[in-house]
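Listed below, chain by chain, are the residues.
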Amino acid sequence: MSKDITVSIIVPAHNEEKYVVRCIDNAKIAASHVRCGVEIIVVCNRCTDRTAELAAANGARVLTDESRCIAAVRNKGIKAARGKVVITIDCDNRMTEGTIREVLGRLNSGKYIGGGAPIRFERYSFPIWANEVLCRLGFWITGAYCGIFWAEKSTFDAIGGFVEKRAAEDIATAVRLRRYGKKEGKKYGCLKKNHLINSTRKYDRSGDWLYFRLAFRNAGALIRAAFGDSSDYDKLIDEMFYDYNN
């Protein structure tokens, strides 16, 4: 990795020894398509496996964070980033080879404050396809594209980083970036030529109807959370995200 760092890729990871090398390798392929320096920062969150060891052995900077809040974990990496441009991606996902190049092109155009990326799953079935359609529809309606996030570090600093919520922090952060961009006369955008390759590991483990089934079974918890009682919702978030790889 060059000492003259232009791009910092932030990868939060909770017990991701199965996926961390794959994620780093894909980021390295994307880095090979640009001439600037790229660093990869893996932020190990409550890891008890070989995630940190494997990340370091494969050229990543390794940080640790014990928060039970994915946004805080990402913010730890952003704060430590040496690059002018920051890109975030979850450890079980992958970026396509032209991602960094397209991000730099969009930011260098002066038209964009930052943005997200389209989501494509690594395999498909009818329920996974239906899930993707719902994601695309939500992005189209709200304009809050998520998945991979990209912006200049100074922009993340200006908005206070990711919104530190335990869930739906990506949408809240996209909205915050879009509002800041509007104030600066810039757009919040979405990559066109590249996309996030979304992991299907939870579908592989629990069935392809997983999220539809969860929404049906936990409708009461979701409704109660909307009215201020988040106790059952918090347990669901822990099960699906923060304790998933325990």
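In what follows, the accompanying structure is described. Here the structure is a predicted model, which means the values were calculated and not measured.

1. As for helix α7 (residues 169-183)
A rise of 1.5 Å per residue sets the reference length of α7, with its 15 residues, at 21 Å; its end C-alpha atoms lie 21 Å apart and thus fit the reference within 8%. Among all positions of α7, only Glu169, Thr173, Ala174, Leu177, Tyr180 and Gly181 are buried. Considered in projection along α7, the buried side chains sweep an arc of 135 degrees and stay on one side of the axis. Facing away from the buried side of α7 by more than 90 degrees, the exposed set consists of Arg179, Lys182 and Lys183. Following α7 by one or two positions, Gly185 has its phi on the positive side, about 75 degrees.

2. Comments concerning helix α4 (residues 99-108)
Residue pairs three or four apart in sequence face the same way in an α-helix, which turns once every 3.6 residues. Among the 10 residues in α4, 7 count as buried, and that is most of the element. Three or more residues of α4 are buried, namely Thr99, Ile100, Glu102, Val103, Leu104, Arg106 and Leu107. One or two steps after α4, the chain reaches Gly110, where phi turns positive at roughly 80 degrees.

3. Things to note about the pattern of salt bridges
Inspection of the entire model under this criterion finds 15 salt bridges. A salt bridge links Arg22 to Glu122; the shortest N-O distance between them is 3.4 Å. Residue Arg22 is located in helix α1 (residues 20-31), and its partner Glu122 is located in the loop between β7 (119-121) and α5 (126-142); the two are separated by 100 residues in the primary sequence. Across the salt bridge formed by Glu152 and Lys84, the nearest N and O atoms sit 3.9 Å from each other. Of this pair, Glu152 sits in strand β8 (residues 149-152) while Lys84 sits in the loop between α3 (70-80) and β4 (85-88), and the two are 68 residues apart along the sequence. A residue is classified by how much of its surface remains accessible, and Glu152, at 22% relative accessible area, is partly exposed.

4. Here's the deal with the state of the cysteines
The term disulfide refers to a covalent linkage connecting the sulfur atoms of a pair of cysteines. Summed over the entire model, instances satisfying the criterion amount to 0 disulfides. The cysteine Cys69 is free of any disulfide, with Cys146 supplying the nearest cysteine sulfur at 15 Å. No disulfide involves Cys91; its sulfur sits 5.0 Å from the nearest other cysteine sulfur, which is in Cys23.

5. Some details on the sheet that holds strand β10 (residues 196-198)
Overall, mixed pairing links the 3 strands, which are arranged β5-β10-β7 in an open sheet. Every other strand in the sheet has two partners, leaving β5 (94-95) and β7 as the edge strands with one partner each. The pairing of β5 with β10 spans 2 bridges and is antiparallel. Looking at the pairing, Arg94 lines up with Ile197 of β10.

6. Regarding the sheet that holds strand β3 (residues 61-65)
With respect to topology, 7 strands assemble into an open sheet ordered β3-β2-β1-β4-β8-β6-β9, the strand pairing being mixed. Among the strands making up the open sheet, the edge pair consists of β3 and β9 (187-190). Pairs of neighbouring strands in the sheet enclose a mean axial angle of 25 degrees, with direction left out of account. Across 4 bridges, the pairing between strand β6 (residues 112-116) and β9 is parallel. Residue pairing in the sheet places Tyr112 in a bridge with Lys187 of β9. On top of the sheet, α3 reaches β1 (5-13), β2 (37-45), β3 and β4; it is set at about 140 degrees to β3, its chief contact.

The rules we used
- All residue numbers here refer to positions counted from 1 along the written sequence of the relevant chain.
- In view of the model being predicted, local features appear only for residues whose pLDDT reaches at least 70, and side-chain atom pairs are presented and counted only at 80 or more, with totals across whole chains, interfaces and linings using the full set of residues.
- Each side-chain value is derived from all of the structure's non-hydrogen atoms; neither hydrogens nor water enter the calculation.
- Numbering of helices and strands runs from the N terminus; a helix is a DSSP stretch of H or I covering at least four residues, while a strand is a stretch of E covering at least two.
- Helix span, as expected, comes to 1.5 Å for every residue beyond the first.
- To sort residues, take the accessible area from a 1.4 Å probe on protein chains only and compare it with the maximum for the residue type: under 20% means buried, over 50% means exposed, and anything in between is partly exposed.
- Each C-beta atom gives one direction from the helix axis, and the arc is the one those directions make.
- Think of a salt bridge as a Lys or Arg side-chain nitrogen and an Asp or Glu carboxyl oxygen that are within 4 Å of each other.
- Cysteine sulfur pairs qualify as disulfides if the two atoms are within 2.5 Å.
- Following DSSP output, two strands are said to pair if at least two bridges run between them.
- Fitted lines through C-alpha atoms serve as axes, helices being fitted only where they are in contact, and the angles separating the N-to-C directions of these axes extend from 0 to 180 degrees.
- Throughout, a contact is declared for two residues whenever any of their heavy atoms are within 4.5 Å.

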